[in-house]
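# Secondary and tertiary structure notes
The lines below spell out each chain.
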Amino acid sequence: MTLESFFFYLMAAFILYSAYFVVTARNLFRCAIGLAASLIGIAGVYLLMDAQFLSAVQVAVYVGGVVVLVVFAVLMVSDVTQKEYLRSPFSRSVAAAIIAELLLMIVAAAAVVQGFGGGARPAPDSASVREIGHALLATGPGGFALPFEVISLVLVAALVGACTVAGDRDDGEGGERR
Amino acid sequence: MSPGLEHYLVLAALLFSFGVFGLLTRRNLVAMLLCVELVLNAAALNFVAFHRFLYQGDPAGVVFPILIIAVAAAEAAVALAVVISLFRHRKNLDARAADTLSG
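Residues numbered from 1 in each chain as written. Chains lettered and ligands numbered in written order. Predicted model: local features only at pLDDT ≥ 70, side-chain atom pairs only at ≥ 80, totals over all residues. Heavy atoms only, no water.

### What to know about the overall build of chain A
Within chain A one finds six helices and zero strands. Looking at chain A residue by residue over its 178 residues, the buried ones come to 37%. A separation of at least 24 residues holds for 46% of the contacts in chain A among residues at least 6 apart in sequence. Accessible area of chain A: about 10600 Å², with a carbon and sulfur share of 69%. (Helix = DSSP H or I, 4+ residues; strand = E, 2+ residues; numbered from the N terminus. Buried < 20%, exposed > 50% of the residue type's maximum accessible area, 1.4 Å probe, protein only. Contact = heavy atoms within 4.5 Å. Areas by Shrake-Rupley, 256 points an atom, 1.4 Å probe, with all protein chains shown as cover.)

This is the structure in structure tokens:
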């Protein structure tokens, strides 16, 4: 067993265990922490695949941004500690498990049977910051200048929308805006 | 033998099915949002795996996950804003409580 496969299985176990936490934990705060752990594990897998920049982005934006946002929201929504969360009925859980299992079987079988035949190769050059930057600003075929600009619009729209939706007051209640 | 493309694809498939299972069973809106994040990450993992093992010359495989991350961040911001607003009006985060628009 090489060092790489050892780290791969370690990361995979870590990711799946944290994902299990996200899916099953009753306490929302634990869900958020499980998601953070899972995302860090995925960043580690990116490192294994020589995508260093992507790994850094994953940690900075996902773990540092999205998860922190989720934690803030969980803390603002004060029924975190509420013990009696409504659970789905058991039959529904079984049905969901069967559906998820079938999906897993189909996707995994497709991946394994298809046999894409990607062998071990030297580390790619195109995952470097330089290449990603060139790709994001290139306008020709294979360039991502348009998605790059569109995503900035999407982010602005999401920010404004989020502020508008979350910042509204109850009707008739004159509390000051926080 | 070091892990190949199939290993990463199976890992992503596992993560995806975890997310789908959570999405189908959880009834809390924030928990459902977290499960969606798992699904999105599984997709991004597939992109990077294909980039690493099959299409090394094409930077699309690493640019797309970045776009996915940006869209996921926007989605999380909007969804959490809706959750906070809903909680203010309903004091409840059960997915079935959000039926204001149903006739």
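### Overview of the overall build of chain B
Regarding its fold elements, chain B presents three helices and zero strands. What you see in chain B, going N to C, is helices and strands ordered as α-α-α. Taking 103 residues into account, the globule formula puts the C-alpha radius of gyration at 13 Å, and chain B, at 17 Å, lies well above it. Residue pairs at least 24 apart in sequence account for 58% of intrachain contacts in chain B once pairs closer than 6 positions are excluded. Counting only carbon and sulfur atoms, one obtains 69% of the accessible surface of chain B, whose full area is about 3800 Å². Between the centroid of the 7 positive side chains of chain B and the centroid of its 6 negative side chains there is a distance of 13 Å. (Rg over C-alpha atoms; globule rule 2.2 N^0.38 Å. Lys, Arg positive; Asp, Glu negative; His and termini not counted. Charge placed at Lys NZ, Arg CZ, Asp CG, Glu CD.)

### Section: the interface of chain B and chain A
Facing 73 residues of chain B, the contacting portion of chain A comprises 86 residues. Of the roughly 7100 Å² buried at the junction of chain B and chain A (both faces included), carbon and sulfur atoms supply 75%. Linking chain B to chain A there are one salt bridge. Among the salt bridges present, the one from Asp50(A) reaches Arg52(B), with a minimum N-O distance of 2.9 Å. Of all the secondary structure elements, the ones that give two or more residues to the side of chain B that touches chain A are helix H1 (5-25), helix H2 (29-53) and helix H3 (60-90) of chain B. When residues of the side of chain B that touches chain A are assigned to their parent elements, the largest contribution, 25 residues, is made by H3(B). Split by residue class, the side of chain B that touches chain A holds 52 nonpolar, 12 polar and nine charged. (Buried area = accessible area lost by both parts, 1.4 Å probe. Salt bridge = Lys/Arg side-chain N within 4 Å of Asp/Glu carboxyl O. Nonpolar A, V, L, I, M, F, W, Y, C, P; charged D, E, K, R; others polar.)

### Overview of the environment of Leu54(A)
Residue placement: Leu54(A) occurs in helix H3 (residues 52-76). Along the backbone, Leu54(A) and Ala43(A) are 11 residues apart, and their C-alpha atoms lie at a distance of 7.6 Å. Not counting residues within four places of it along the chain, the set of residues in contact with Leu54(A) comprises Tyr46(A), Val48(B), Val62(B), Pro65(B) and Ile66(B).

### A short note on the packing of aromatic side chains
If you walk through the whole model with that rule in mind, you get seven aromatic pairs over all chains. Geometrically, the ring pair formed by Tyr17(A) and Phe21(A) is edge-to-face, given 5.7 Å between the ring centres and 65° between the ring planes. Here the residue Tyr17(A) and the residue Phe21(A) both occupy positions in helix H1 (residues 3-24), the gap between them amounting to four residues, near one helical turn. The exposure class of Tyr17(A) is exposed, given its relative accessible area of 54%. Taken together, the ring pairs in this structure connect Phe8(A), Tyr9(A), Tyr8(B) and Phe53(B) into an aromatic cluster. Here the guanidinium or amino end of Arg52(B) rests over the ring plane of Phe53(B), the centre of that ring lying 5.4 Å away. (Phe/Tyr/Trp six-rings, centres within 6.5 Å; stacked < 30°, edge-to-face > 60°. Lys NZ or Arg CZ within 6 Å of the ring centre and 35° of its normal.)

### Quick word on the packing of helix H5 (residues 129-137) of chain A against H3(B)
At their nearest, the axes of H5(A) and H3(B) sit 10 Å apart, and the two run at 70° to each other. Comparing their axes, H3(B) and H5(A) come out roughly perpendicular. Together, Ile132(A), Ala135(A) and Leu136(A) of H5(A) and Val62(B), Val63(B) and Ile66(B) of H3(B) make up the contact between the two elements. Looking at the contact of H5(A) with H3(B), its residues break down into six nonpolar, no polar and no charged. (Axes fitted to C-alpha atoms, helices over the stretch in contact; angles between N-to-C directions. Parallel < 35°, antiparallel > 145°, perpendicular 65-115°, else oblique.)

### Considerations on helix H4 (residues 90-114) of chain A
Its 25 residues give H4(A) an end-to-end C-alpha distance of 36 Å, which sits within 8% of 36 Å, the value for a rise of 1.5 Å per residue. Every buried residue belonging to H4(A) is among Ala96(A), Ala100(A), Leu104(A), Ala108(A) and Ala111(A), and all of these are buried. Contacts from the buried residues of H4(A) go to H1 of chain B. (Expected span 1.5 Å × (residues − 1).)

### A word on H3(A)
With 25 residues, H3(A) ought to run about 36 Å at 1.5 Å a step, and its terminal C-alpha atoms sit 34 Å apart, in line with that. A maximum bend of about 30° is found in H3(A) at Tyr62(A). In the core, the buried residues of H3(A) are packed alongside helix H2 (28-48) of chain A together with H2 and H3 of chain B. (Bend = angle between axes of the 7 residues up to and from the residue.)

### As for a nonpolar patch on the surface
A contiguous nonpolar patch, built from Met1(A), Leu3(A), Phe6(A), Phe7(A), Tyr9(A) and Leu10(A) and spanning about 670 Å² of accessible area, is present on the exposed surface. The residue Phe7(A) is located in helix H1 in this model. (Patch = residues over 30% accessible without salt bridge, like charges linked within 9 Å, V, L, I, M, F, W, Y side chains within 5 Å.)

### A closer look at the confidence of the model for chain B
Overall, the prediction assigns chain B a mean pLDDT of 86, with 98% of residues at 70 or greater. Predicted complex, confidence summary: ipTM 0.89, pTM 0.86. (pLDDT = per-residue confidence, 0-100.)

### Some remarks on the side chain of Ser38(A)
With respect to the helices, strands and loops of the structure, Ser38(A) is situated in helix H2. Judged by relative accessible area, Ser38(A) falls into the buried class, the value being 0%.

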